[in-house]
There are 2 protein chains.
Amino acid sequence: MKKHNFNAGPSILPQEVIERAARAIVDFNGSGLSLLSISHRTKDFEAVVAEADALFRELLNIPDNYKIFYVGGGASTLFYEVPANFLAKKAGYVNTGVWSKKAIKEAKRYGEIEVLATSEDKNFTYIPKGFAIPEDLDYLHITTNNTIYGTEYHEDLSSPVPLVADMSSDILSRPVDISKYAMIYGGAQKNLAPAGVVFAIIREDMLDKQVRDLPSMVSFRTHVENNSMYNTPPVFPIYVLMETLRWLKSIGGVEEIYRRNREKAALLYAEIDRNPLFRGTVAKEDRSLMNICFVMEEGYEELAPEFLEFAKSRGMVGIKGHRLVGGFRASCYNALPRESVEALVACMQEFEKEHAK
Amino acid sequence: MKKHNFNAGPSILPQEVIERAARAIVDFNGSGLSLLSISHRTKDFEAVVAEADALFRELLNIPDNYKIFYVGGGASTLFYEVPANFLAKKAGYVNTGVWSKKAIKEAKRYGEIEVLATSEDKNFTYIPKGFAIPEDLDYLHITTNNTIYGTEYHEDLSSPVPLVADMSSDILSRPVDISKYAMIYGGAQKNLAPAGVVFAIIREDMLDKQVRDLPSMVSFRTHVENNSMYNTPPVFPIYVLMETLRWLKSIGGVEEIYRRNREKAALLYAEIDRNPLFRGTVAKEDRSLMNICFVMEEGYEELAPEFLEFAKSRGMVGIKGHRLVGGFRASCYNALPRESVEALVACMQEFEKEHAK
């Protein structure tokens, strides 16, 4: 049976990327050696990093005064490294859920944190808007897509202070005006690579804003100055990231994937809104294109476990909602084909026929 | 042409591990999903972590009062995390080369560092012995194998204070009396896995010795308490690590690999000592089984580039010595077959015939 991979993360990668990764593990570039057994300082791997850099720049229109680097670990590592590098006195955070809260918790060790806005009053089912941004902040931190709740910023925020964004789960899924951000970072295990590597896009002037002496590995300068080679980088995830960027370019780039993502999301949200058994959990204007959350409609709540089983028996993988929201979550990352969304919609319609009152 | 992979790291992994990794990327455990596209919280991956833990314990006879955890990053991450966790006032370090120096540099941010012994006077070509260990140290840090210089501790040190060892490049290559160590850690990219994961073996009581409030990701407690799942772990490197441990068990465990490693090293060192064109660079009693360093003998120095080309033309990969030592380095990690050492020895003998005066 064909599986439809709606995992929230680590999550689906393009099939051709997976196949190329498997081949590179057996024999990298016809070298007779496995990609897993080569030095990160070989020309062949340096070429991988250089190509990833060039593709990232091209696909996201990254201006020349921004640097890209990769490090091992995850976004959780950056939750403390961002304030360690930049928080001298006070930073602003927008609280849009669990990942924002974790970032806030880690930042409090380094200075004063002002939570400028929060959607906690409604269990994070919307993105706060229209809040004031004081001009005395060292930076403002946002989480652009919230995997657990299925909310997403659909516009790049304008900020009078340096804007730092965790884009772990929507990087490269839509066009972004990079110039509005001082730094963008994220774990790569959604739209880019397997787990184990963090990407960061940082405006050069931010490197001069390091506010304290830091361990070499914690200072962003170290990784920029050493071109992500200060220590042995996570070679394999970076290789897969480069292959994913190649794939994205080959299908038409960010504009095309954005079109596909909107189309997939529109299909599924339309079914959620139409089907009397289900309802969406998120304010319509803030619905994520990446993580689509829904629950059983009132009166059908007891059918939730049955729908999960039903969907599973038809090949749906990973659609159980996070325990903080309940219900269902269909993660529709870049690599998820439209057919998978169609299969889920068909599944919901079939379930409706069996159970609608 | 068959390649003989003497890379210093990332380095050779067992061929069957590479093949299993490639298969898991295409289809993990017959799930119909790639290992790169599954959640780290699935039962199948939790089983991988549990099996790695059990095998690690079995292969190294790790006592029950030790915990094992894995995190993204590299040994360089632990260079600051070890002092961040344990250094309240003063720690002792033994300086056996570049990696020790880096560890010392990062530790100085957190307290007083006493370098108890160093082999810098002879370019780190020996392991210092017989130095006094003050009893008022928070811990003593050593680097058990020095990849760049080819030196290695051949006995577990007895220390009156907690002994912390970076075993990045000789973990599982020889039996170790774990009970003599408070903590063992290392980048896994030599004898265990591809780059991107750090392993740590820590005595439980050390978790209570955290001396300061730390970011969640920096505190060793976090990773032990969350069974390496506080954040998304580097799934693929951990899987490969587990497969490497399986392989090691299948061939007879640490005793057997130690026998093979001694045999391989003996073969190559014997040739270095016999062949009039070459000489070893390290004090004989401290010669590493993992990284075998040698240079052209006096009078033959100008032949070095030619020997490199000669060896390369016969399939030898990665035998150029580190720039701090010069000459040649043959890294003979666990997965390097005896035939590769024999091929290198044959190469040296052939070169001797052409060039001996």
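Residues numbered from 1 in each chain as written. Chains lettered and ligands numbered in written order. Predicted model: local features only at pLDDT ≥ 70, side-chain atom pairs only at ≥ 80, totals over all residues.

Student: What exactly am I supposed to notice about the domain arrangement of chain A here?
Tutor: In many analyses, interface size is given as the accessible surface area lost on bringing the parts together. Residues and elements named next belong to chain A. Splitting chain A by domain gives domain 1 (15-251) and domain 2 (254-355). A straight line from the C-alpha centre of domain 1 to that of domain 2 covers 27 Å. Tallying the contact residues gives 23 residues for domain 1 and 23 residues for domain 2. Elements with a contribution of two residues or more to the side of domain 1 that touches domain 2: helix H2 (43-60), strand S7 (151-152) and helix H6 (235-251). (Domains from an automatic or database assignment. Contact = placed C-beta atoms within 7 Å. Helix = DSSP H or I, 4+ residues; strand = E, 2+ residues; numbered from the N terminus.)

Student: Just checking my understanding: could you explain the pairing of strand S5 (residues 140-143) of chain A for this structure?
Tutor: Residues in a regular strand point their side chains to alternate faces of the sheet. All names here are of chain A. Burial of the side chains of S5 extends over both faces: Leu140 and Ile142 are buried on one face and His141 and Thr143 on the other. In this sheet, S5 lies alongside strand S3 (residues 90-95) in parallel orientation, the contact comprising 2 bridges. Its bridge partner being in S5, Tyr93 is matched across the sheet by His141. Here S5 pairs with strand S8 (residues 163-166) via 4 bridges, running parallel. Note that in S8 the partner of Ile142 across the bridge is Ala165. (Buried ≥ 20, exposed ≤ 12 C-beta atoms within 10 Å, placed from the backbone. Pairing = 2+ DSSP bridges.)

Student: Even after reading the chapter, I still don't get the relation of the copies chain B and chain A, so can you show me in this structure?
Tutor: Look at the two chain copies: a rotation about an axis and a shift along it is all it takes to match them. Placing chain B over chain A gives an RMSD of 0.0 Å and needs a rotation angle of 180°, together with 0.0 Å of translation along the axis. Accordingly, the operation relating the two chain copies is best matched by a two-fold axis. When each C-alpha of chain B is compared by its distance to the rotation axis, Ala22 of chain B comes out closest, at 2.3 Å. An overlap of 100% is found between the interface residues of chain B and their copies at the interface of chain A, pointing to a shared contact surface. (Least-squares fit on C-alpha atoms with pLDDT ≥ 70 in both.)

Student: Would you mind showing me how to read unusual backbone geometry here?
Tutor: Glycine aside, a negative phi is what most residues show, and trans is what most peptide bonds show. Cis geometry is found at the peptide bond from Gly9 of chain A to Pro10 of chain A, where omega equals -10°. For Asn61 of chain A, which is not a glycine, the phi torsion comes out positive at approximately 50°. At Asn227 of chain B, a residue that is not glycine, the phi angle is positive and equals roughly 50°. Checked against the element boundaries, Asn227 of chain B lands in the loop between helix H5 (220-225) and helix H6 (235-251). Take Asn227 of chain B: there are 16 C-beta atoms within 10 Å of it, and that puts it in the partly exposed class.

Student: Just checking my understanding: could you explain the sheet that holds S5 of chain A for this structure?
Tutor: Pairing between the strands of a sheet is mediated by backbone hydrogen bonds and can be parallel or antiparallel. Residue and element names in this part refer to chain A. Judged by pairing direction, the sheet is mixed, and its 7 strands sit side by side in the order S2-S10-S9-S8-S5-S3-S4 without closing on themselves. Single-partner strands in this sheet number two, and they are strand S2 (66-72) and strand S4 (112-118). Across the sheet, the mean angle separating the axes of adjacent strands is 20° when strand polarity is ignored. In terms of strand pairing, S3 meets S4 through 6 bridges, oriented parallel. Bridge assignment links Gly92 to a residue of S4, and that residue is Glu114. (Axes fitted to C-alpha atoms, helices over the stretch in contact; angles between N-to-C directions.)

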